[in-house]
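Chain by chain, the residues:
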Amino acid sequence: MTFEAEITPGMAPAEAVELGCLVEEAGFDRLGISCVALWPDTYQLQALIAARTERIHIGSMVTNPYTRHPAAHASALATLQELSGGRAFCGIGVGAGLEELGIDYPRPVRTLRESITAVRGLLAGDEVTLDGEVVKLDKARLIRPPTQPVPIAIGTRSEGVMKLAGEVADIALVGARHLTPEIVARYRGWLAEGAAQAGRDVDEIEVLPRVTLCVSDDEELAVNSVKRFAAHYLDILGDYGPPVDPDRRRKIVATLDDATGWYFDLNRYDPPEMLDLIDADLARKFAIVGTPEQCADQIRDLQALGFAGVSCNLAAVNRGTMYDGLRETIEGSKRVLELLAN
C-alpha cells in the first residue's frame, strides 16, 4: 500500500521540519504540507524537510490555484524537485479558507485546468503561451526546469473536479471523508468519465481516500480530538454524509456557530455540547481514530473498498501544543504501519 501523511504546520518551522523527519521514520511514502493562507509557508517547509530526508516524497496537500500564479507554483516545484533528488509532487485542489483574502473560488474547474496546464508545460521545460480565461502566459519558460517529471495529485470532494482529475491527474484523492461502497463507486465513476473524455486509461491513475488519522494509546482522548472534525464534515457533506437522526444532526451543526478557530487547530474552541452529541461511532464515520490496533483495523476496511493506499490528514491529539499532539499521532502511526505490514 501507499501511505501519505499530511502535516498542518501550526508550529515553529523547526518543529514542522522535525515532524516531517518523523513521518519518514514512521514509514510513510509521501508527505504533504498543508497550504493554509496566513500560516507558515508550505513550499519553504517542503524544501527544508527535503534537505533533511532521504526517501519520502514531498509536496503540498493541497495547495490552490488562486493564491499563487502557476509560474510561481512551477518555479517552486522545480526547485523542490532538484533539491530533493526527484521526490517532489504537486498536490492541488480548489483550496479552502481563502475568504479572509477576499477570494470566493471563481470558476474552480476552469481555474484548476488552466493552472495545471501551465504548471505541466513549464515543468516540462516548454516555452508556454496560454491565453486562457484565467491564466495568461506569453512565451514563458523556466530558467531551470526539473529533469524528472513532477506528479500531479488532485484532491477534491466535488464531481467536477474529480472528473478533471480523470482528465489530467496522476493521483486522485477522494475527499469525501465518509466512505461507503456506494460513495466510492460514485467517485470512481466521475474519475472514469473524466479519463474517458481525455482518452486516458483510468487504471493508470492512482486513487487514494483522504482520511483524518488520529492515533493515541488513550482511545477516549483520540476520539475527543476529532469530534470537531466530525461536526465540520457532517455539516459540509450534507446528504453525502452518514445517516444521522435529523434532530441530532441539527443540534451538532448548531454547535459550530459557537465554535471558534480552524477545526484542525488546537487553539480552537469546541463547545461541550458538541463533545456530548458526537460519540465514538459517529467520529469514526469521518476519521481513522483510536489506538494503533484500532486504526489498523479501520484502514483494512478501506482496503476492502478497493484502495491500495490511504492519504492521511494527521490530526493532533489534544495535548498542550499542536507539535506535541501531531508527534503523538505520528509515533502511533508508526505502529499502525507495522501492524499493516504483518
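In short, a report on the structure. (Residues numbered from 1 in each chain as written. Predicted model: local features only at pLDDT ≥ 70, side-chain atom pairs only at ≥ 80, totals over all residues. Heavy atoms only, no water.)

1. Some points on the overall build of the protein
Thinking step 1. Within the protein, the secondary structure is distributed over 13 helices and 11 strands.
Thinking step 2. Taking 2.2 N^0.38 as the reference for a compact globule, 342 residues should give roughly 20 Å; the C-alpha atoms of the protein span a radius of gyration of 19 Å, in line with that estimate.
Thinking step 3. Across its three principal axes, the protein shows a C-alpha extent of roughly 60 × 40 × 40 Å.
Thinking step 4. A sequence separation of at least 24 residues applies to 74% of the contacts in the protein between residues at least 6 apart.
Thinking step 5. Carbon together with sulfur atoms contributes 49% to the accessible area of the protein, which is approximately 14,500 Å² in total. (Helix = DSSP H or I, 4+ residues; strand = E, 2+ residues; numbered from the N terminus. Rg over C-alpha atoms; globule rule 2.2 N^0.38 Å. Contact = heavy atoms within 4.5 Å. Areas by Shrake-Rupley, 256 points an atom, 1.4 Å probe, with all protein chains shown as cover.)

2. A look at the environment of Ala88
Thinking step 1. Summarising the element assignment, Ala88 is placed in strand E4 (residues 88-92).
Thinking step 2. On the basis of relative accessible area, Ala88 is assigned to the buried category, the value being 1%.
Thinking step 3. When the C-alpha atoms of Ala88 and Val184 are compared, they prove to be 28 Å apart, with 96 residues separating the residues in sequence.
Thinking step 4. Not counting the four nearest positions on each side in its chain, Ala88 is found in contact with Ile58, Leu77, Leu80, Gln81, Val150 and Pro151. (Buried < 20%, exposed > 50% of the residue type's maximum accessible area, 1.4 Å probe, protein only.)

3. Focus on the pairing of strand E3 (residues 57-60)
Thinking step 1. Judged from the four bridges that link them, strand E2 (residues 30-33) and E3 form a sheet pairing that is parallel. Directly across from Gly32, in E3, lies its bridge partner Gly59.
Thinking step 2. Each parallel crossover has a hand, and the one from E2 via helix H2 (residues 42-52) to E3 is right-handed.
Thinking step 3. Direction of pairing for E3 relative to E4: parallel, over a ladder of two bridges. Across the sheet, Gly59 pairs through a bridge with Phe89, a residue of E4.
Thinking step 4. For the segment spanning E3, helix H3 (residues 70-84) and E4, crossover handedness is right-handed. (Pairing = 2+ DSSP bridges. Right-handed = clockwise from strand over helix to strand, strands pointing away.)

4. Quick look at the nonpolar core
Thinking step 1. Within the largest apolar cluster, 111 residues are counted, with the highest numbers of intra-cluster contacts made by Ile7, Val23, Phe28, Ile154 and Leu314.
Thinking step 2. Sorting elements by how many residues they give to this core places helix H13 (residues 322-341) first, with eight residues.
Thinking step 3. Sequence-distant contacts of Ile7, defined by excluding residues within four places in its chain, comprise Leu19, Gly20, Val23, Leu31, Gly32, Ile33, Ser34, Leu314, Leu326 and Ile330.
Thinking step 4. Ala153, Ile171, Leu173 and Leu208 belong to the second largest nonpolar core, which has six residues in total. (Core = buried A, V, L, I, M, F, W, Y, C linked by side-chain atoms within 4.5 Å.)

5. A few points about the side chain of Gln81
Thinking step 1. Inspection of the secondary structure puts Gln81 in helix H3.
Thinking step 2. Excluding residues within four positions of it along the chain, Gln81 makes contact with Gly86, Arg87, Ala88, Pro146, Gln148, Pro149 and Val150.

6. Things to note about H3
Thinking step 1. Between its first and last C-alpha, H3 extends 21 Å over 15 residues, near the 21 Å set by a 1.5 Å rise per residue.
Thinking step 2. Restricting attention to buried positions, one finds in H3 the residues Pro70, His73, Ala74, Ala76, Leu77, Ala78, Leu80, Gln81 and Ser84.
Thinking step 3. Where the residues of H3 are buried, they touch H2, E3, E4 and helix H4 (108-123).
Thinking step 4. Count one or two residues on from H3 and you reach Gly85, which has phi positive near 70°. (Expected span 1.5 Å × (residues − 1).)

7. Section: the pattern of salt bridges
As a working rule, side chains carrying opposite charge can pair if their charged atoms are close by.
Thinking step 1. Using the criterion set out here, one finds 25 salt bridges in the structure.
Thinking step 2. In this structure, the salt-bridge partner of Glu4 is Arg30, at a minimum N-O distance of 2.6 Å. With Glu4 in strand E1 (residues 2-7) and Arg30 in strand E2, this pair connects stretches of sequence that are 26 residues apart. Here Glu4 and Arg30 have matching classes, each one buried.
Thinking step 3. For Arg319, the salt bridge identified is with Glu328, shortest N-O distance 2.6 Å.
Thinking step 4. One network of salt bridges, with partners in common, ties together Arg107, Arg110, Glu114 and Glu133. (Salt bridge = Lys/Arg side-chain N within 4 Å of Asp/Glu carboxyl O.)

8. Observations regarding the packing of aromatic side chains
Thinking step 1. For the coordinates displayed, the defined rule picks out eight aromatic pairs.
Thinking step 2. Arranged with centres 5.8 Å apart and planes meeting at 75°, the rings of Tyr233 and Tyr263 form a pair that is edge-to-face. Placement of Tyr233 in helix H8 (residues 227-237) and of Tyr263 in the loop between helix H9 (246-255) and helix H10 (272-277) is noted, with a sequence separation of 30 residues between them.
Thinking step 3. Seen from their ring centres, Trp262 and Tyr263 are 6.3 Å apart, and the 65° between their planes marks the pair as edge-to-face. (Phe/Tyr/Trp six-rings, centres within 6.5 Å; stacked < 30°, edge-to-face > 60°.)

9. Description of the packing of H2 against H3
Thinking step 1. In the contact formed by H2 and H3, the axes pass within 9 Å of each other and the chain directions differ by 10°. In this view, H2 runs roughly parallel relative to H3, as classed from their interaxial angle. Taken together, the residues of H3 that come into contact with H2 (itself represented by Tyr43, Gln46, Ala47 and Ala50) are His73, Ala76, Leu77, Leu80, Leu83 and Ser84.
Thinking step 2. A class-by-class count of the residues in the contact of H2 with H3 yields seven nonpolar, three polar and no charged. (Axes fitted to C-alpha atoms, helices over the stretch in contact; angles between N-to-C directions. Parallel < 35°, antiparallel > 145°, perpendicular 65-115°, else oblique. Nonpolar A, V, L, I, M, F, W, Y, C, P; charged D, E, K, R; others polar.)

10. What about the pairing of strand E8 (residues 171-174)?
Thinking step 1. Where burial is concerned, the two faces of E8 agree: the one with Ile171 and Leu173 and the one with Ala172 and Val174 are both buried.
Thinking step 2. The pairing of strand E7 (residues 152-156) with E8 spans four bridges and is classified as parallel. Bridged to Ala153 within E8 is Ile171.
Thinking step 3. Considered for its hand, the β-α-β crossover made up of E7, helix H5 (residues 159-168) and E8 is right-handed.
Thinking step 4. Relative to strand E9 (residues 206-215), E8 is paired through four bridges, and the arrangement is parallel. Bridging across to E9, Val174 finds its partner in Pro209.

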